[in-house]
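One letter stands for each residue in the lines below.
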Amino acid sequence: MSILVGYVPTKVGEAAVRAAISEAKLRNEELLIVNSVREGALVDKSVASAEDIERIKQSTVDAGIKARILESIHRDDLAEEILDLAEKHDVSLIVIGLRQRSQVGKFIMGSHAQRILLQAEHPVLAVKADQV
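Residues numbered from 1 in each chain as written. Predicted model: local features only at pLDDT ≥ 70, side-chain atom pairs only at ≥ 80, totals over all residues. Heavy atoms only, no water.

By the naming in an unreviewed UniProt entry, the chain goes by Nucleotide-binding universal stress UspA family protein and is assigned to Paeniglutamicibacter psychrophenolicus. Turning to the chain, the UniProt annotation filed under Sequence similarities (unreviewed entry) states: "Belongs to the universal stress protein A family." (UniProt positions renumbered as here; feature names shortened; annotations may be inferred.)

Below, the structure written as structure tokens:
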């Protein structure tokens, strides 16, 4: 079995990857890292660089775990992408990052993280950037 985490180049994304690496090491499982960021995927138009991905690969080597980078399947719906990949790869855990939201944002349903938490058929570990 394996652990799935979606990578985005933000503090939240970094926290999720660090937590996923820790879980993979603890459980002695393979880590699947989804490079799910592409132009237009996020509001701030962040794109994961090749250097980001290489740095993450090296951190998994340093931790002594096996990891694979899965490229995005180029959907605009990140939650659907994560849920589909979790099903396809039969993962034991999905790790996601949560960001601080305004009071108004807390009442809005439909964010990617909320949809993953509500719809996932696999256990989900949700990490806030300040928790790691």
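Draft legend 1. Quick peek at the overall build of the chain. Assigned secondary structure in the chain consists of 5 helices and 5 strands. Ordering the α and β elements of the chain from the N terminus gives β-α-β-α-β-α-β-α-α-β. Per-residue burial for the chain yields a buried fraction of 44% across its 132 residues. A fraction of 77% describes how many contacts in the chain between residues 6 or more apart in sequence connect residues 24 or more apart. Counting only carbon and sulfur atoms, one obtains 52% of the accessible surface of the chain, whose full area is about 7500 Å². (Helix = DSSP H or I, 4+ residues; strand = E, 2+ residues; numbered from the N terminus. Buried < 20%, exposed > 50% of the residue type's maximum accessible area, 1.4 Å probe, protein only. Contact = heavy atoms within 4.5 Å. Areas by Shrake-Rupley, 256 points an atom, 1.4 Å probe, with all protein chains shown as cover.)

Draft legend 2. Quick peek at the side chain of Glu30. Secondary-structure assignment places Glu30 in strand β2 (residues 30–35). At 2.9 Å, the side chain of Glu30 and the side chain of Arg68 are in polar contact. Beyond its immediate sequence surroundings of up to four residues, Glu30 is in contact with Met1, Ser2, Ile3, Lys66 and Arg68. (Polar contact = N/O pair within 3.5 Å; in protein donor to acceptor, adjacent residues only side chain to side chain.)

Draft legend 3. Representation of the nonpolar core in the model. Counting residues in hydrophobic clusters, the biggest one holds 19 residues, and the most contacted among them are Ile3, Val5, Leu31 and Val95. Secondary-structure elements contributing two or more residues to this core are β1 (2–7), α1 (11–27), β2, α2 (50–63) and β4 (93–98). In this structure, Ile3 is in contact with Ala20, Glu23, Ala24, Arg27, Glu29, Glu30, Leu31, Leu32, Ser92, Leu93 and Val95, ignoring residues within four places of it in sequence. (Core = buried A, V, L, I, M, F, W, Y, C linked by side-chain atoms within 4.5 Å.)

Draft legend 4. The environment of Glu54, seen in detail. Relative to the elements of secondary structure, Glu54 occurs in helix α2. Residue classification places Glu54 among the partly exposed positions, given a relative accessible area of 47%.

Draft legend 5. The arrangement of the packing of α1 against α2 in detail. Direction vectors running N to C along α1 and α2 enclose 25°, while the axes themselves pass 10 Å from each other. The angle between the axes of α1 and α2 places the two elements in the roughly parallel class. Like other packed secondary-structure pairs, α1 and α2 cross with a definite hand, here right-handed. From α1, Glu14, Val17, Ile21 and Lys25 reach across to α2, where they touch Arg55, Ile56, Ser59, Thr60 and Ala63. (Axes fitted to C-alpha atoms, helices over the stretch in contact; angles between N-to-C directions. Parallel < 35°, antiparallel > 145°, perpendicular 65-115°, else oblique. Left-handed = near helix turned anticlockwise from the far one by under 90°.)

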